[in-house]
Amino acid sequence: MIEDRKTGSPVGCLIVAALLSACAAPPAEVDRLDPSSGPKATAGLIPIDPADTGYTDVQLYAKDTVTPDGWAIHYLVKDDSTRYNDLYIRWSKGGREGLFQCGDVLLMRRYFIPEFTGENDSHIFLEHGCATGCAAMLALSKDTLPMGQDIPYLVDQDLPRGRFVHIPERSFSLDTLEVDVLDLTRKEEHAVVFGGRCTLVPEEGCIDSVSFEDRQVTLYATLLDANGQEVQEKHAVHIPTGHR
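Reading guide: rules and limits
Each chain has its residues counted from 1, running along the sequence as written. A pLDDT threshold of at least 70 governs which residues receive local features in this predicted model, and a stricter bar of 80 or more applies before side-chain atom pairs are shown or counted, although totals over entire chains, interfaces and linings include all residues. Only hydrogens and water are removed before side-chain values are computed, so all heavy atoms of the structure are retained for them. With a 1.4 Å probe rolled over the protein chains alone, any residue whose accessible area is under 20% of its type maximum counts as buried; one over 50% counts as exposed, and the rest are partly exposed. For helices the rule is a DSSP run of H or I covering at least 4 residues; for strands it is a run of E covering at least 2, with both sets numbered from the N terminus onward. We call two strands paired when DSSP finds no fewer than two bridges between them. Confidence per residue, as judged by the predictor, is encoded in pLDDT with a range of 0 to 100. We call two residues in contact whenever any of their non-hydrogen atoms come within 4.5 Å of each other. Each nonpolar core is a collection of buried residues, namely Ala, Val, Leu, Ile, Met, Phe, Trp, Tyr and Cys, held together in the definition by side-chain atoms within 4.5 Å. Any N or O atom pair separated by 3.5 Å or less is treated as a polar contact, with the protein-specific requirement of one donor-capable and one acceptor-capable atom, and with residues adjacent in sequence counted only for side-chain atom pairs. Criterion for a disulfide: a pair of cysteine sulfur atoms within 2.5 Å. Aromatic pairing here means that ring centres of Phe, Tyr or Trp (its six-membered ring) are within 6.5 Å. Orientation follows from the plane angle: under 30 degrees is stacked, over 60 is edge-to-face, and everything else is tilted. Placement of a positive charge over a ring is assigned whenever Lys NZ or Arg CZ falls within 6 Å of the ring centre and within 35 degrees of the normal to the ring plane.

Description of the pairing of strand β10 (residues 134–141)
Piece 1. By the criterion of burial, β10 is predominantly enclosed, with seven of the eight residues buried.
Piece 2. Pairing geometry for strand β9 (residues 123–131) and β10, over eight bridges, is antiparallel. Considered in β10, the bridge of Glu127 is made with Met137.
Piece 3. Taken together, β9 and the strand that follows it, β10, pair antiparallel across an intervening segment of two residues, in which Gly133 is found at a positive phi of about 75°.
Piece 4. Where β10 lies against strand β11 (residues 148–151), four bridges are found, and the strand directions are antiparallel. Paired with Met137 across the strands is Ile151, a residue of β11.
Piece 5. In this antiparallel pair of consecutive strands, β10 and β11, the connection spans six residues.

Next comes the structure, spelled out in structure tokens:
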């Protein structure tokens, strides 16, 4: 059962490992029935068996993929009692390999499974649901030691620049609206606190629009003042270019 956004936490994907050290093909779905191209069992992890009725419709979302930049993405389960609960995502290229655990995601609606949606020079992006009416993005880094970060309650995104606007959980209990602007390239997160009140659920409905520019992210919102009157607010976050 999926909990209401106000009372429950998002279905999170948790990092379990980032392995090995560092040292294009067009997008293609990996044939998991071919032993030469499919993922190998590692540390008790095995490919999802398409003939297993316990995984009905899972493969419509959990599609093994090779990204345009040549990163292989494989969906795995652990060969134990958790095989119908937890999903593992492994991404690799050359000597670089990372592993991410999505705990209990197979017990949820299928759109909670992260699906490849794009990439930039530093990250691979997989979108998924995180609660009723909630969108999230799983960002998998291409670092020497690849790591993953799940970004829930998305308001807007700029994948080429690796920037995201989302509602942090700490905002849920506040009278005012607080939004985070995350820059994955610079590994920075900027908090924006609005003066007016947001009475909508989910809160991202109070954000009218987001403008992404090279050195700035601008947020526009319609909120309520102390007298219950609508007010428009604009906040700009300045972000230097380049890596930190």
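Further notes follow.
Considering the environment of Tyr153
Piece 1. Locating Tyr153 in the fold gives a position in the loop between β11 and β12 (154–158).
Piece 2. Judged by its relative accessible area of 0%, Tyr153 falls in the buried class.
Piece 3. For the pair formed by Tyr153 and Met137, sequence separation is 16 residues and the distance between their alpha carbons is 8.7 Å.

Here we look at the confidence of the model for the chain
Piece 1. Here the chain averages 84 in pLDDT, and 81% of its residues register 70 or above.
Piece 2. Strand β8 (residues 115–119) holds the highest mean pLDDT among the elements of the chain, 98, whereas strand β2 (residues 28–29) holds the lowest, 40.
Piece 3. Predicted confidence is poor over residues 1–11, with pLDDT under 50, and the contacts of this stretch with residues over four places away or in other chains come to 31 contacts.
Piece 4. Across residues 15–41, confidence stays below pLDDT 50; counting only partners more than four residues off in sequence or on other chains, it has 70 contacts.

Comments concerning the nonpolar core
Piece 1. One finds Val165, Leu177, Val179, Val181, Phe194, Val217 and Leu219 to be the most contacted residues of the largest nonpolar core, which totals 24 residues.
Piece 2. Elements with a minimum of two residues in this core: β9, β10, β14 (176–183), β15 (188–197), β16 (207–213) and β17 (216–224).
Piece 3. The element contributing the most residues to this core is β17, with four residues.
Piece 4. One finds Val58, Ile73, Phe100 and Val105 within the second-largest nonpolar core, a separate group that totals 22 residues.

Notes on the side chain of Asp180
Piece 1. Among the secondary structure elements, Asp180 is positioned in strand β14.
Piece 2. At 2.5 Å, the side chain of Asp180 and the side chain of Arg170 are in polar contact.
Piece 3. If we skip the residues at most four places from it in the chain, Asp180 touches Phe164, Val165, His166, Pro168, Arg170, Glu189, His190 and Ala191.

Topic: the state of the cysteines
Piece 1. With the rule as written, the count across this model stands at two disulfides.
Piece 2. In this model Cys198 forms its disulfide with Cys206; the gap between the sulfur atoms is 2.1 Å. Residues Cys198 and Cys206 are joined by a disulfide whose S-S torsion is about 90°; by sign, that bridge is right-handed. Pair check on accessibility: Cys198 and Cys206 agree, each one buried.

Quick notes on the environment of Leu182
Piece 1. Summarising the element assignment, Leu182 is placed in strand β14.
Piece 2. Judged by its relative accessible area of 5%, Leu182 is buried.
Piece 3. C-alpha separation for the pair Leu182 and Gly162, spaced 20 residues apart in sequence, amounts to 8.2 Å.
Piece 4. Among residues more than four places away in sequence, those in contact with Leu182 are Gln149, Ile151, Gly162, Arg163, Phe164, Glu188 and Glu189.

So, the packing of aromatic side chains
Piece 1. The full count for this structure, using the stated rule, is three aromatic pairs.
Piece 2. Between Tyr55 and Tyr84 the ring centres are 5.1 Å apart and the planes differ by 40°, which places this aromatic pair in the tilted class. In this pair, Tyr55 is assigned in the loop between β3 (45–47) and β4 (65–66) and Tyr84 in the loop between β5 (72–78) and β6 (87–93), connecting sequence segments 29 residues apart.
Piece 3. Under the relative-accessibility criterion, Tyr84 is labelled partly exposed at 36%.
Piece 4. Above the ring of Tyr84, the side-chain terminus of Arg83 is found at 5.8 Å from the ring centroid.

Some remarks on the pairing of strand β7 (residues 96–102)
Piece 1. With seven of its seven residues buried, β7 lies for the most part within the structure.
Piece 2. Residues Arg96, Gly98, Phe100 and Cys102 of β7 are buried on one face, and the alternating residues Glu97, Leu99 and Gln101, pointing to the opposite face, are buried as well.
Piece 3. As paired strands, β6 and β7 are joined by seven bridges and run antiparallel to one another. Bridging across to β7, Ile89 finds its partner in Phe100.
Piece 4. Two successive antiparallel strands, β6 and β7, enclose a turn made up of two residues, where Gly94 displays a positive phi of approximately 60°.

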